[in-house]
Amino acid sequence: MARFEGWLADGRQAVRQKVAIDFTDEGLRLNRGETWPRASITRVERELRESAIVLASGDARLEVTDPDFAQALHEAIPELRQARRRTLRRASIATLLAVGIFGGIWWSLPLLAARIVPFIPPEAEEHLGDEALALPILGKQCVDREGQAALDALTQRLTAGMSLPYHLSVTVRSSHTVNAMAFPGGRVVLLEGVLKEAQSADEIAGILGHELTHVLKRHSTQALIANAGSLVLIDVVLGGGTGGALLYGLSTLSYSRDMEAEADRGALDLLARAHISSEGFADFFERLAAQGSDTPPYLASHPPSETRAALAHAPPSPRDLPALSASQWAALKNICKTVR
Amino acid sequence: MSVSISTDDRGTEATQLSYDGNAGELLGLWVKIILLSIVTLGFYRFWGETRLRRYFWNHTGLMGERFDYDGTGGELFVHFLMASFGLAALLILPYAALFSGAPLPIFILLILLDYVAFIFLAFMGIYGSTRYRVSRTLWRGMRGGLDGSSFAYALRGFGYLLLAGITGGWSTPWQIVGLWRYQTNNLGIGDWKASFEGEGGKLFLPFLAIVGFSVLGIITGVIIATTFIGASGGFNSLDSSQLPPQAVLGIVLGVLAYFTLAMIGWVFFQTRQITYLAANSHFGRVGFSADIGFGPLFGLVFVNALLLVVTLGLASPFVRQRTLRFACRSLKIYRAEELLQLTQAPGRREKAGGEGLVQSFNV
């Protein structure tokens, strides 16, 4: 077999020397002396156009520029090229696996979150909800006794005979924003704005039913877990900014469209069980939607669902009774005359 | 080994690093990396970064010998995963505490502590990243290494940051020199260690240029803005939509004037800083100098910034190449032939940790 010339840096000293290279059965023999065993030889990858081949054995490096060397090397030590192919094959499999696993987790996150929820103690959620209630943007607590009694009566009627996951707390806050929200741990808050906007107790009953369904289904915890999970995934895949994205995601917690639709269906269910007409619920949305240009906060945070469109045409039942008596409704509307 | 550094470097003949990469080749590689990254949902980027580094290292030469980089994409990926999960744990901690009954003040305290931890980890990441890259660098089969601990570096970095807070930034020269000293004195290749003998005070005068030009920039900016606003008849209301166009132009020009002057001061300081650090760093008897002119460095920084802004960061490999080529042209190496005496120091590769944290922070 042909003999080649190369430059050797022996890995012990920073000097280069010219060497003669022979292929032998054991591997490479340098200057008819030292032998590099086949198994110890690897190719040094270089991101260069030029055709020099660099081989390594331990810390030693051997550089050969002879264009015929590549062919001779392949014939003498074919496993070097096979190693390259093996790497490529492994990389392709790893890529497919990674894409599959991450895609799978992404797709199943909501389900996964729902499975995790039962393991979170309700007390922990109640605590978290209480902390959320301390947020100043909600305004002051409205604590008029008659108003609260009316609200409690409505809540009782909607949840009669149901087993609740938490110690429920439904309260009104003095913010004039037209919105209502369900915080973790069964902390439901109606803002005074939504009471002012509503024209009947039936409307409030529908809104309350929607929020109560979020509570019954433990949506807040589920959303918290799913949101956090998806943000972690995004960060792992795209890299960068792990911190900001996760913090942002947790602070702007929102329910998914599926959850909103489920809450709309749940509200209809609760209304039907309590024999309250769903027409008020429908009226409320139609009036908000008709307000035009600026999307009201309630619609922004409660995206319309198909259920909601269908509910506008729900037939009234002869057994329906008003959600609250006229005096109860008046008391509820004025609940913020005493604040704390 | 003990070496006395008494000879004047300028008298001896200088060797330079060569760089023979070009934009066309780099573009081809970069396009390949981007396409593969898209196909793999971004996972390829670690292997892509490795190929980019190999490109830069392999095209850099010293005394006719190219540098080798033998880090792998797999290493970067594993370190990135570890760092990501570590960071996620830190981020979730305050929320976990809140969930398990901690009051709101504790929660806020934990979030603040998280930020402190992030800064500290960022310093650790910077040092770990340097260590990783140095330990994957070979020249003539001799491997580089960075001793010292990331923790000790981070402690110093954090200390200097506090000092900067107390002194209103006036301690910056000492911060730069202090961190450079720690890193350089721990740097080695083969069995040789680098050394740095210098002090922060020597950079204080050049540092005044930054302060001076910034103050000049503020004054100039305010004068320009008020002149324009005065000519436009002043504000009638604070509503930004009713500002006269002339006033808006004045504010924009004022801000531009400030940034231009501040950048002039900063670049001037950089030239002095680089020159000083190079001249006082040694590697055995091998010495360095880097006499960088204001014009060339300003051109480099300005064009690099423009490239990054215009391409939204996509041009970063080209910016890196421009910077590397500039460094190779600027750095002069004295008595480089002494490098032939280098012998290998074992165990360098194994000691190097990862640089995952830095990836996470995009530093």
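Preceding this paragraph is the structure being described.
Residues numbered from 1 in each chain as written. Chains lettered and ligands numbered in written order. Predicted model: local features only at pLDDT ≥ 70, side-chain atom pairs only at ≥ 80, totals over all residues.

A. Just the sheet that holds strand β7 (residues 60–64) of chain A, in detail. Residue and element names in this part refer to chain A. If you trace the seven strands from one edge of the open sheet to the other, you get β4-β3-β2-β1-β7-β6-β5, paired in antiparallel fashion. A strand with exactly one partner marks an edge of an open sheet, and here the two such strands are β4 (35–37) and β5 (41–43). Strand-to-strand, the axes of this sheet are offset by a mean angle of 35°, without reference to chain direction. Taken together, the three bridges between strand β3 (residues 27–30) and β4 define a ladder with antiparallel strand orientation. Note on β4: the bridge partner recorded for L28 is W36. (Pairing = 2+ DSSP bridges. Helix = DSSP H or I, 4+ residues; strand = E, 2+ residues; numbered from the N terminus. Axes fitted to C-alpha atoms, helices over the stretch in contact; angles between N-to-C directions.)

B. Summary view of helix α2 (residues 45–58) of chain B. All names here are of chain B. An ideal rise of 1.5 Å per residue puts 20 Å on 14 residues; α2 measures up with 19 Å between its terminal C-alpha atoms. The element α2 is largely enclosed, with a buried count of 10 among its 14 residues. In this structure, the buried side of α2 is in contact with α1 (23–39), β3 (60–62), β4 (65–69), α3 (73–99), β5 (137–139) and α10 (316–330). (Expected span 1.5 Å × (residues − 1). Buried ≥ 20, exposed ≤ 12 C-beta atoms within 10 Å, placed from the backbone. Contact = placed C-beta atoms within 7 Å.)

C. Highlighting the nonpolar core. Counting 55 residues, the largest nonpolar core has A:L154, A:A180, A:V189, A:V194, A:I204, A:A205 and A:L332 as the members making the most contacts within it. Here this core gets eight residues from one element, more than from any other, and that element is helix α6 (residues 201–216) of chain A. Core analysis: the second largest hydrophobic core is formed by 14 residues, B:L203, B:I229, B:L261 and B:F269 among them. (Core = buried A, V, L, I, M, F, W, Y, C linked by C-beta atoms within 7 Å.)

D. Quick look at the pairing of strand β8 (residues 192–196) of chain B. Residue and element names in this part refer to chain B. Bridge count between strand β7 (residues 187–189) and β8: two bridges; the pairing is antiparallel. Its bridge partner lying in β8, I189 is registered against W192. The loop that links β7 with its antiparallel partner β8 comprises two residues; one of these, G190, has a positive phi angle of about 60°. Bridge count for β8 against strand β9 (residues 281–283) is three bridges, and the pairing is antiparallel. Looking across to β9, one finds that A194 is bridged to F283.

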